[in-house]
Amino acid sequence: MIEDVFKEITSAFAVLSMLQARQKALRKDLEFFRESSEEATQEVHESLLFGAYKRLEHEVMFLCVDAYSLHQGISKKRSLYSKVIRQNGKLLSKVDKTPRDRNAYMFLGVIGENGKVDTTSEWEDQLIQGMEKKAYEDRKKTRDDFGISSQKHNEIDEWLDRILDKDIESRLNSYRDEFAHRLDSLEKMMLEIKAVNKPDALEHMLDTVLSALNAYQHALQKILLYTKSLQYQGVGNFEYGSLSRLKLANRYSKYRANES
């Protein structure tokens, strides 16, 4: 069914948006760590700084592996691309021609030389037709510039090949290979306790993940825009918080309750 195709795309978008929320939260944590390490006093023990940073490092590693999984799930064998997008090129190359409900338009009149002039129904119809034509042309341009413009498999393959920068893909692949197999022996686990990626290295990982997520978000969003006239916002009201923040929130709530 047609709706199943778009359901698959929006489901992938939901996963993507959750990874974006994780990337954003971890970047804030990294900035907080940098500030905290610079302002650290005797009250902040060195082992606490190290432990907190090591936990953040692990979170960034897991995010890199998950971002790679998303990349594989969208673009490789038995993926969203091979099972859904490539097989429905005819549907996903169409530009939405569905007119908006006339009630979606509101006319307040026109200000002329002699003041406000009310519009007539004929005038409004002409204005609506003009706006609908402009909206369709914009969607068509989006399809031509960023979308799937043909149902031919080789041209859809070219569309996929343009989405993700090869350098970003290469870095994501290398992170996945490094992190997914880094602890497959006791010797490696012992070394991992001592080995630490510097903050700049973590930031570079987050930049790579962000570039990959943005690229796929842009591609999937454009498909929804020109085929369905939709702006999908992903998972609403999702914040990738932490247990420490939850503890603080609970303490604050209890404090406010006691105050009142």
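Our subject is the structure that appears above.
The paragraphs below set out a description of the structure included in this document. Because the structure is predicted, anything quoted here is derived from the model rather than measured.

Along its length, the chain carries ten helices and two strands. Traced from its N-terminal end to its C-terminal end, the chain shows the element sequence α-α-α-α-β-β-α-α-α-α-α-α. Its C-alpha atoms give the chain a radius of gyration of 25 Å, clearly above 18 Å, the size a compact globule of 260 residues would have. Dimensions along the principal axes, computed over C-alpha positions, put the chain at roughly 75 × 60 × 35 Å. Across the 260 residues in the chain, those meeting the buried criterion constitute 33%.

Ranked by size, the top nonpolar core spans 50 residues in total, and within it V60, I85, L92, I148, W159 and L220 carry the most contacts. Elements supplying a minimum of two residues to this core: α1 (2–39), α2 (46–75), α3 (80–85), α4 (89–92), α6 (153–163), α7 (166–180) and α9 (199–228). Top element by residues in this core is α9. It accounts for 13 residues.

Moving on to α6. Think of an α-helix as 3.6 residues a turn; residues three or four steps apart then line up on the same face. Of the residues making up α6, those classed as buried are I156, W159, L160 and I163. Looking straight down α6, one finds its buried side chains confined to an arc of 95°; they lie on one side.

Turning our eyes to something else, we now look at the packing of aromatic side chains. Counting across every chain of the model gives four aromatic pairs. Relative to Y53, the ring of F33 has its centre 4.6 Å away and its plane inclined at 35°; by these criteria the two rings are tilted. Of the two residues, F33 sits in helix α1 while Y53 sits in helix α2, which places them 20 residues apart along the sequence. Relative accessible area serves as the criterion here: at 5%, Y53 is assigned to the buried category. Between Y81 and W159 the ring centres are 6.5 Å apart and the planes differ by 25°, which places this aromatic pair in the stacked class. Of this pair, Y81 sits in helix α3 while W159 sits in helix α6; the two residues are 78 residues apart in sequence, bridging distant segments of the chain. Per residue, the accessibility class of Y81 equals that of W159, and both read buried. K228 extends its terminal NZ or CZ atom over the ring of F6, reaching a point 4.9 Å from the ring centre.

The next subject is the environment of R162. Its place among the elements puts R162 in helix α6. Under the relative-accessibility criterion, R162 is labelled exposed at 54%. Sequence separation between R162 and M106 is 56 residues, and the spatial gap between their C-alpha atoms is 40 Å.

A few words on the environment of L91. By the secondary structure assignment, L91 is in helix α4. For the pair L91 and Q151, spaced 60 residues apart in sequence, the C-alpha separation works out to 8.1 Å. Here L91 is in contact with I2, V5, F6 and T227, once residues within four sequence places are set aside.

On the surface, R55, K247, R251 and K254 cluster together into a patch of positive charge. Of all the elements, helix α10 (residues 243–259) adds the most residues to the positive patch, at three residues. With respect to the helices and strands, K254 occurs in helix α10. Of the residues examined, K254 reaches a relative accessible area of 58% and is grouped as exposed.

The next point concerns the pattern of salt bridges. Counted by the stated rule, this structure contains 16 salt bridges. Note that K140 and D144 form a salt bridge whose closest N and O atoms lie 3.2 Å from each other. With a gap of four residues between them, K140 and D144 both fall in helix α5 (residues 121–146), about one helical turn apart. When the shortest N-O distance is used, the salt bridge between K141 and D145 registers 2.6 Å. One end of the pair, K141, and the other, D145, are both in helix α5, four residues apart, so they sit about a helical turn from each other.

Analysis parameters
- Residues numbered from 1 in each chain as written.
- Predicted model: local features only at pLDDT ≥ 70, side-chain atom pairs only at ≥ 80, totals over all residues.
- Heavy atoms only, no water.
- Helix = DSSP H or I, 4+ residues; strand = E, 2+ residues; numbered from the N terminus.
- Rg over C-alpha atoms; globule rule 2.2 N^0.38 Å.
- Buried < 20%, exposed > 50% of the residue type's maximum accessible area, 1.4 Å probe, protein only.
- Core = buried A, V, L, I, M, F, W, Y, C linked by side-chain atoms within 4.5 Å.
- Arc of directions from axis to C-beta.
- Phe/Tyr/Trp six-rings, centres within 6.5 Å; stacked < 30°, edge-to-face > 60°.
- Lys NZ or Arg CZ within 6 Å of the ring centre and 35° of its normal.
- Contact = heavy atoms within 4.5 Å.
- Patch = residues over 30% accessible without salt bridge, like charges linked within 9 Å, V, L, I, M, F, W, Y side chains within 5 Å.
- Areas by Shrake-Rupley, 256 points an atom, 1.4 Å probe, with all protein chains shown as cover.
- Salt bridge = Lys/Arg side-chain N within 4 Å of Asp/Glu carboxyl O.
- Lys, Arg positive; Asp, Glu negative; His and termini not counted.
- Charge placed at Lys NZ, Arg CZ, Asp CG, Glu CD.

Take it as geometry only, folks, not as evidence of what the structure does.
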